[in-house]
Amino acid sequence: MTVFFIGAGPGDPELITIKGQRLIRQCPVIIYAGSLVPAAVLQGHSAHTVINSAELNLDQIVAAMRNAHEKGQDVARVHSGDPSLYGAIGEQIRHLRELGIDYQVIPGVTAAAASAALLGCELTLPELAQTVILTRYGDSSPMPAGEQLADLARHRSTLAIHLGVKHLERIVAELLPHYGPDCPIAVVHRATWPDQDWVRGTLQDIVALTAAKGFRRTALILVGHVLGDTPFAESALYRAGHAHLYRPLG
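Residues numbered from 1 in each chain as written. Predicted model: local features only at pLDDT ≥ 70, side-chain atom pairs only at ≥ 80, totals over all residues. Heavy atoms only, no water.

Asks: Would you mind going over the pattern of salt bridges with me for this structure?
Replies: Pairs can form between side chains of opposite charge whenever their charged atoms are close. This model, assessed by the stated rule, comprises three salt bridges. The closest approach of N and O atoms between arginine 154 and aspartate 151, which form a salt bridge, is 2.8 Å. You can call arginine 154 exposed: its relative accessible area is 55%. Assessed through its relative accessible area of 23%, aspartate 151 is described here as partly exposed. When the shortest N-O distance is used, the salt bridge between lysine 213 and aspartate 197 registers 3.1 Å. Note that lysine 213 is positioned in helix 7 (residues 206-213) and aspartate 197 in strand 9 (residues 197-202), a separation of 16 residues in sequence. Judged by relative accessible area, which is 39%, lysine 213 ranks as partly exposed. A relative accessible area of 25% places aspartate 197 in the partly exposed class. (Salt bridge = Lys/Arg side-chain N within 4 Å of Asp/Glu carboxyl O. Buried < 20%, exposed > 50% of the residue type's maximum accessible area, 1.4 Å probe, protein only. Helix = DSSP H or I, 4+ residues; strand = E, 2+ residues; numbered from the N terminus.)

In structure tokens form, the structure reads like this:
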């Protein structure tokens, strides 16, 4: 018996791996994060037990997994996005290890990747940004030392900020000294869902633009000059005159 932590992707039921979809359709037990995973992701399943974990606490979730283990039944534990990012799988895995229950993690499409695709941009551009920092901004748990937003902003890298839209004014205030008022920023609401929406602006005007949209939750904030029209160099990979293993010169 195995518990499969499956990344369901950002919302679009087609943005799930073939492996993840196969496991959902064949596992006899499904435990899914119903507040974030659309029901369409579960289409075609043959499970006899389907549990919405949004209604349960950690002990109840682990109990359901233990019950399946005792019956020799595989579990599809379905999370939104990629389960390794803010998926709360670490605490579940800790219990599974203590219980001697096998598990596997099946990766999924992240909200950051989906938002970048929606905006039609690349998050890393030569000589402009070669680092992407994924972080969160919320009140539910304290950030570790050195991971405050101001600490991360000093790198002037591309930022993907989760759980922060209701604190957007404070976020902008912390970013301004490092990125400047003209730095591009986008707020993407429910990327790839039928009601997806977004707004693009600069640190100078994004608070007002976002307020006009009425975004309150389930939004990702992307910050960085890769979102704008700042000139950047061409990559060496496709540059004429640059030799590599698959394109030798001479």
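Asks: How should I be thinking about the sheet that holds strand 2 (residues 29-32) in this particular structure?
Replies: By way of backbone hydrogen bonds, the strands of a sheet pair with one another, either parallel or antiparallel. Pairing within the open sheet is parallel, and its five strands lie in the order 3-2-4-1-5. Two strands in the sheet have a free side with no partner beyond their single neighbour: strand 3 (49-52) and strand 5 (102-106). Each adjacent strand pair in this sheet contributes to an overall mean axis angle of 15°, direction not counted. When strand 2 meets strand 4 (residues 75-79), the two strands line up parallel, connected through four bridges. Directly across from tyrosine 32, in strand 4, lies its bridge partner valine 78. Taken strand by strand, helix 2 (residues 58-70) contacts strand 1 (2-7), strand 2, strand 3 and strand 4, and its axis lies near 165° from that of strand 2. (Pairing = 2+ DSSP bridges. Axes fitted to C-alpha atoms, helices over the stretch in contact; angles between N-to-C directions. Contact = heavy atoms within 4.5 Å.)

Asks: Any chance you could explain the sheet that holds strand 8 (residues 184-189) here in plain terms?
Replies: Spatially, five strands are ordered 6-7-10-8-9 in an open sheet, and the strand pairing comes out mixed. In this open sheet, the two edge strands, each paired with only one partner strand, are strand 6 (132-136) and strand 9. Neighbour to neighbour, the strand axes of the sheet diverge by 15° on average, direction disregarded. Sheet topology places strand 6 next to strand 7 (residues 158-162); five bridges connect them, and they run parallel. Counterpart to valine 132 in the pairing with strand 7 is threonine 158. In the packing of helix 4 (residues 111-119) onto the sheet, the strands contacted are strand 6, strand 7, strand 8, strand 9 and strand 10 (219-223), and the crossing angle to strand 10 comes to about 70°.

Asks: Just to check I follow, could you spell out helix 2 for this structure?
Replies: It helps to recall that an α-helix has 3.6 residues per turn; residues three or four apart then point in one direction. For helix 2, built from 13 residues, the straight-helix expectation of 18 Å at 1.5 Å per residue is met to within 8% by its first-to-last C-alpha distance of 18 Å. Every buried residue of helix 2 is listed here: Ile61, Val62, Ala64, Met65 and Ala68. All buried residues of helix 2 lie within an arc of 155° about the axis, which places them on one face of the element. For helix 2, the exposed residues lying more than 90 degrees away from the buried face are Asp59 and Glu70. In this structure asparagine 57 caps helix 2, since a side-chain oxygen of it lies 3.1 Å from the backbone nitrogen of aspartate 59. (Expected span 1.5 Å × (residues − 1). Arc of directions from axis to C-beta. Polar contact = N/O pair within 3.5 Å; in protein donor to acceptor, adjacent residues only side chain to side chain.)

Asks: Explain the packing of helix 2 against helix 3 (residues 89-99) here, please?
Replies: Packing of helix 2 against helix 3 leaves a shortest axis separation of 10 Å and a crossing angle of 45°. Taken as axis vectors, helix 2 and helix 3 run oblique relative to one another. In this structure, helix 2 crosses over helix 3, and the sense of that crossing is right-handed. Residue-level inspection shows Leu58, Ile61, Val62, Met65 and Arg66 of helix 2 in contact with helix 3, the latter providing Glu91, Gln92, His95, Leu96 and Leu99. Partitioning the contact of helix 2 with helix 3 into residue classes produces six nonpolar, two polar and two charged. (Parallel < 35°, antiparallel > 145°, perpendicular 65-115°, else oblique. Left-handed = near helix turned anticlockwise from the far one by under 90°. Nonpolar A, V, L, I, M, F, W, Y, C, P; charged D, E, K, R; others polar.)

Asks: Would you mind showing me how to read a nonpolar patch on the surface here?
Replies: Residues Leu85, Tyr86 and Leu134 make up a contiguous nonpolar surface patch of about 240 Å² in total accessible area. Turning to its location among the elements, leucine 134 is positioned in strand 6. For leucine 134, a relative accessible area of 33% translates into the label partly exposed. (Patch = residues over 30% accessible without salt bridge, like charges linked within 9 Å, V, L, I, M, F, W, Y side chains within 5 Å. Areas by Shrake-Rupley, 256 points an atom, 1.4 Å probe, with all protein chains shown as cover.)

Asks: Sorry if this is basic, but what is going on with the packing of aromatic side chains here?
Replies: Each aromatic ring pair is summarised here by two numbers: the centre-to-centre distance and the angle between the ring planes. Under the definition given, this model contains one aromatic pair. For arginine 190, the ring lying beneath its charged end belongs to tryptophan 193, and the centroid distance is 4.0 Å. (Phe/Tyr/Trp six-rings, centres within 6.5 Å; stacked < 30°, edge-to-face > 60°. Lys NZ or Arg CZ within 6 Å of the ring centre and 35° of its normal.)

Geometric values such as these leave the question of function open.
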